Amino acid sequence: MTSIASLTRNDFPDGFLFGAATAAYQVEGHKFGGAGSCHWDTFAATPGNVLRAEDGALACDQYHRYEEDLDILKAGNFDAYRFSTSWARVIPEGRGAVNREGLDYYDRLTDAILERGMEPHVTLYHWELPSALSDLGGWTNPSIARWFGDFVEVIDDRIGDRVASYATINEPWCVSYLSHLLGHHAPGLRNIRAAARSMHYVLKAHAEAVARLRGHGRNNLGIVLNFEHTQPATDDPRDIRAAVTQDATHNRWFIEAIAKGRYPTEALEGLEPYLPRDWQEDLKAISRPIDWLGINYYTRNLVAHDAESPWPSTSPAQGHLATTQMGWEICPEGLEALLLRLKESYVGDLPMMVTENGMAWDDHLRNGVVDDPERCGFIRDHMAAMQRAIAAGVNLKGFFYWSLLDNYEWAFGYERRFGIVHVDFDTLKRTPKASYHMLKDLLERT
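Caption draft 1: Region of the structure containing the overall build of the protein. The secondary structure content of the protein amounts to 15 helices and 11 strands. The C-alpha atoms of the protein give a radius of gyration of 21 Å, which matches the 22 Å a tight globule of 446 residues would have. Expressed along its principal axes, the backbone C-alpha trace of the protein runs to roughly 55 × 55 × 45 Å. Looking at the protein as a whole, 60% of its 446 residues are labelled buried. Once local pairs closer than 6 in sequence are excluded, the contacts in the protein between residues at least 24 apart make up 76%. For the protein, the distance from the average position of its 44 positive side-chain charges to the average position of its 62 negative side-chain charges is 3 Å.

Caption draft 2: A look at the pattern of salt bridges. Summed over all chains, the structure comprises 37 salt bridges. Residue Arg430 pairs with Asp69 through a salt bridge whose shortest N-O separation is 2.8 Å. One end of the pair, Arg430, is in strand E11 (residues 430–432); the other, Asp69, is in helix H3 (residues 62–75), and 361 residues separate them in sequence. Arg430 gets classed as buried once you look at its relative accessible area, which sits at 7%. Notably, a salt bridge pairs Lys204 with Asp282, separated by 3.7 Å at the nearest N-O pair. Residue Lys204 is located in helix H9 (residues 192–215), and its partner Asp282 is located in the loop between helix H11 (265–271) and helix H12 (283–286); the two are separated by 78 residues in the primary sequence. Residue Lys204 is classed as partly exposed on the basis of its relative accessible area, which comes to 25%. Overlapping salt bridges, with partners in common, bring together Asp104, Asp107, Asp111, Arg158, Asp161 and Arg162 in one network.

Caption draft 3: View of the pairing of strand E4 (residues 165–170). In terms of burial, E4 is a largely internal element, 6 of the 6 residues being buried. Here strand E3 (residues 119–125) runs beside E4; their pairing, made up of 4 bridges, is parallel. By the bridge assignment for E4, Tyr125 is matched with Ile169. Pairing of E4 with strand E5 (residues 221–232), which is carried by 3 bridges, proceeds in the parallel orientation.

Caption draft 4: Geometry of the packing of aromatic side chains. Evaluated as defined, the whole model comprises 31 aromatic pairs. A ring pair is formed by Phe148 and Phe151, whose centres lie 6.1 Å apart and whose planes are at 40 degrees; its orientation type is tilted. One end of the pair is Phe148 and the other is Phe151, both in helix H7 (residues 144–159) and 3 residues apart, which spans about a single turn. Each member of the pair, Phe148 as well as Phe151, carries the same accessibility label: buried. Measuring from centroid to centroid gives 3.7 Å for Trp253 and Tyr263, while their planes differ by 10 degrees, and the two rings are stacked. One end of the pair, Trp253, is in helix H10 (residues 237–260); the other, Tyr263, is in the loop between H10 and H11, with 10 residues separating them in the sequence. The buried category is assigned to Trp253, whose relative accessible area is 0%.

Caption draft 5: Layout of the side chain of Asp239. As for its placement among the helices and strands, Asp239 is situated in helix H10. No salt bridge is formed by the buried Asp239, whose closest oppositely charged neighbour, Arg238, lies at an N-O distance of 6.0 Å. A polar contact of 2.6 Å, which involves the side chain of Asp239, links it to the side chain of Thr234. Those residues within four positions of Asp239 in sequence are excluded, and the remaining contacts are Pro232, Ala233, Thr234, Val303, Ala304 and His305.

Caption draft 6: How the structure looks around the nonpolar core. By size, the foremost hydrophobic cluster in this structure holds 128 residues, and its most contacted members are Trp40, Trp87, Trp139, Phe148, Trp253, Tyr263 and Leu342. Tyr263 has contacts with Met199, His200, Leu203, Trp253, Glu256, Ala257, Leu268, Leu275, Trp279, Leu283 and Ile286, leaving out every residue within four places of it along the chain. Counting residues in each nonpolar core, the second largest holds 14 residues, with Ala21, Tyr298, Met326 and Met353 among its members.

Caption draft 7: Spatial organisation of the side chain of His30. Tracing the sequence through the fold places His30 in the loop between helix H1 (24–27) and helix H2 (39–44). Taking the relative accessible area as the measure of exposure, His30 reaches 6% and is therefore buried. With residues near it in sequence (within four places) discarded, His30 still touches Tyr25, Ala35, Gly36, Cys38, Asp41, Gly56, Ala57, Ser86, Ala88 and Arg89.

Caption draft 8: A look at H3. Where H3 bends most, at Glu68, the angle is about 35 degrees. Of all the positions in H3, only Gln62, Tyr63, Tyr66, Asp69, Leu70, Ile72 and Leu73 are classed as buried. Looking one or two residues past H3, Asn77 carries a phi angle of roughly 70 degrees, positive in sign.

Here is what the cut-offs are and how they apply
- As a convention, each chain's residues are numbered from 1 in the sequence order in which they are written.
- Confidence filtering applies because this is a predicted model: local features only for residues at pLDDT of at least 70, side-chain atom pairs given and counted only at 80 or more, and all residues used for totals across whole chains, interfaces and linings.
- Hydrogens and water are ignored here; the side-chain numbers use all heavy atoms of the structure.
- We count a stretch as a helix when DSSP gives it H or I for four or more residues in a row; a strand needs E for two or more, and each element gets its number in order from the N terminus.
- Just to be clear, the radius of gyration here is over C-alpha atoms, and the globule rule we use is 2.2 Å times residues to the power 0.38.
- Buried, partly exposed and exposed residues are distinguished by accessible area as a fraction of the type maximum, computed with a 1.4 Å probe on protein chains only: under 20%, between the cut-offs, and over 50%, respectively.
- In what follows, a contact means two residues having at least one pair of non-hydrogen atoms within 4.5 Å.
- This count recognises Lys and Arg as positive and Asp and Glu as negative, with His and chain-terminal groups excluded.
- The location of each charge is read from NZ of Lys, CZ of Arg, CG of Asp or CD of Glu.
- Any carboxyl oxygen of Asp or Glu that lies within 4 Å of a side-chain nitrogen of Lys or Arg is treated as forming a salt bridge with it.
- Criterion used throughout: strands pair if DSSP finds at least two bridges between them.
- Only rings of Phe, Tyr and Trp enter the pairing, Trp through its six-membered ring, and a pair is recorded when the two centres are within 6.5 Å. The plane angle decides the type: under 30 degrees is stacked, over 60 is edge-to-face, the rest tilted.
- Think of a polar contact as two N or O atoms within 3.5 Å of one another; within protein, one of them needs to be a possible hydrogen donor and the other a possible acceptor, and neighboring residues in sequence only count if both atoms come from side chains.
- Residue types Ala, Val, Leu, Ile, Met, Phe, Trp, Tyr and Cys, when buried and joined through side-chain atoms within 4.5 Å, form a set referred to as a nonpolar core.
- Fitting axes to the seven residues that end at a residue and to the seven that start at it, the angle between those axes gives the bend at that residue.

Following this line, the structure appears as structure tokens:
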């Protein structure tokens, strides 16, 4: 096996795709180009939700600087760019009138990626729900699948002929559970009924998007799910049971619905009373075949039983591994285990891509240089985990680092830096970090 330190592009299969990823609200600058209000604008404007009440109004101003960013990506020997389309930019009220200026932007961006010899990989929804739809209940409204399908067709009509792949929705667990039960992301609810319904309706929206795009003749369709490496805090049976429950809600809910047409029993124990009537009838559409699966992986979580709280009666436990700026444990072995689990238990030989993997670190620009050896090690270790999974038979087709740029990190504002390119948020100057240069060398074609 090749040593971690000497990994190169040649250690991966022919055609393996190397890219970097961003999301619309985190980089574009939402105040530009006629974009409508989204629920992240109002979530950030509410005291206590976001660090320093920062929002994505300016972000990295990729709306105007996309060519510079793509030049950096191309110079780094990357093959592809994963970006998302903003629903609120394209249809400011969520339904009805289309903002042509917003559509024109994605048209220019797609062409600019292709002009540089790279592939455009599009995520149709990455969390910026139009405020007008949020007013109607957003992801708890049963009509949202139809609304989303209409938006998807608008996007596909403009750029679908040039897209290398579509992901319908990024991280539906975050869209629903994190945002409607835990309340950490917009719309910031803490309501189990809202959580259960949004967990179901986000999958109905995925199914609707797949149906619409199949109707357009598309055969490059997937979804991006986030997974954690879930382990019990101790060998106490109560902690083991708590870990099984969290695995069901965090990891299994979405992949079991898509791959097997069912929800995990351990999750239904708490959520079924709050699901919409006749929810079972939707699972046939939800489980229609996709062409590839996107996997976002960052960390492991240790889970303990919490007797003081209602279902799911879980609480996080402190681990012993090194952590990132987010406080997330660094566990590349968890990525290898996850990829093998997905192959063996859910998707078989379906093509998979690691669509996000990366680390936040407290980076500092000194004398025009950002030295980030911790991130370099993180990337090498996780790439080695991917290589081991491929050697074990996983049909892994690509890896997108998160993120190309330091950007708006949701509830953490601009403090947490995931990028391989440093952004000065006062001047918006871009400075590639040591991790960028490491990847540039690693990805050089020989």
